[in-house]
Every structure is written in structure tokens, then in C-alpha cells.
Amino acid sequence: LSKLVVINADTPAENRRYLKKNGIDNVHMLCDEKREWMREYTVLGENRWSMCLLVLQEKRVEKLVREVDVELATKVIKAATQKL
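The structure displayed is predicted, hence computed values, not measured ones.

**Q** How do you make sense of the overall build of the protein when you look at a structure like this?
**A** Along its length, the protein carries 3 helices and 4 strands. Reading the helices (α) and strands (β) of the protein from amino to carboxyl end gives β-α-β-α-β-β-α. For the protein, the proportion of its 84 residues judged to be buried stands at 21%. Contacts in the protein between residues at least 24 apart in sequence constitute 26% of all its contacts with a sequence separation of at least 6.

**Q** Sorry if this is basic, but what is going on with unusual backbone geometry here?
**A** In terms of backbone geometry, most residues other than glycine have negative phi values and most peptide bonds are trans. Here the phi dihedral of R35 falls at roughly 60 degrees; this positive angle occurs in a residue that is not glycine. Relative to the elements of secondary structure, R35 occurs in the loop between strand 2 (28–31) and helix 2 (36–40). According to the relative accessible area criterion, R35 is partly exposed, its value standing at 25%.

**Q** How do you make sense of a nonpolar patch on the surface when you look at a structure like this?
**A** Residues Y41, L56, V61 and L64 make up a contiguous nonpolar surface patch of roughly 300 Å² in combined accessible area. With respect to the helices and strands, the residue L64 is situated in strand 4 (residues 60–65).

**Q** Quick question: what am I supposed to make of the side chain of D32 here?
**A** Structurally, the position occupied by D32 is in the loop between strand 2 and helix 2. In terms of polar contacts, D32 uses its side chain to reach the backbone amide nitrogen of W37, at 2.9 Å. Residues within four places of D32 in sequence aside, it is in contact with I7, N8, A9, W37 and M38.

**Q** Any chance you could explain the pairing of strand 2 here in plain terms?
**A** The side chains of a regular strand alternate, residue by residue, between the two faces of the sheet. Note: strand 1 (residues 5–8) against strand 2, 4 bridges, orientation parallel. Bridge pairing in strand 2 places V6 opposite M29. Remark: the strand 1/helix 1 (residues 12–21)/strand 2 crossover connection has right-handed handedness.

Rules used in this analysis
Residues numbered from 1 in each chain as written. Predicted model: local features only at pLDDT ≥ 70, side-chain atom pairs only at ≥ 80, totals over all residues. Heavy atoms only, no water. Helix = DSSP H or I, 4+ residues; strand = E, 2+ residues; numbered from the N terminus. Buried < 20%, exposed > 50% of the residue type's maximum accessible area, 1.4 Å probe, protein only. Contact = heavy atoms within 4.5 Å. Patch = residues over 30% accessible without salt bridge, like charges linked within 9 Å, V, L, I, M, F, W, Y side chains within 5 Å. Areas by Shrake-Rupley, 256 points an atom, 1.4 Å probe, with all protein chains shown as cover. Salt bridge = Lys/Arg side-chain N within 4 Å of Asp/Glu carboxyl O. Polar contact = N/O pair within 3.5 Å; in protein donor to acceptor, adjacent residues only side chain to side chain. Pairing = 2+ DSSP bridges. Right-handed = clockwise from strand over helix to strand, strands pointing away.

Rendered as C-alpha cells:
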């Protein structure tokens, strides 16, 4: 998970509070408050919010998994990155 990056629409302060509250110190969190990055990579749907997983390699999207269930996120991440 050292290469895991979480990108969300929360503010930097909200992300810091979340990381501190949950004792997380090994995940990089980036803020996309205007959702520009999410739109650019088609992660943001028209009228919905969902968790999506993108696997980037060589500055390209290698895999995209939409509608990731939070409970299954670890399994989805392992399966998506297994062959890379």
C-alpha cells in the first residue's frame, strides 16, 4: 500500500482529521475539491458518487474498476494489481 494514493473531494483539513482519527499514516491523500481530476479520468459520474479504483502505470490508466464496495476494497486492489 506504499504506492496507494487516495483522491477525494474533501478539504485538506477534513483529510487530516480523518487520517488522524483513524491512525493512518502510510496512505497519501490528495484533494480534488473542484473534482477536476475526477472528471478528467471519468471517475465521477453524472449524478452519483462512488468509489472507483484506477491503476496507473507509465502515466496511463491500466485498469479502472467502478462501484468498488468499501468492504471488498482490499480484495479488489489486490486483484487489480496482481498482474502488474
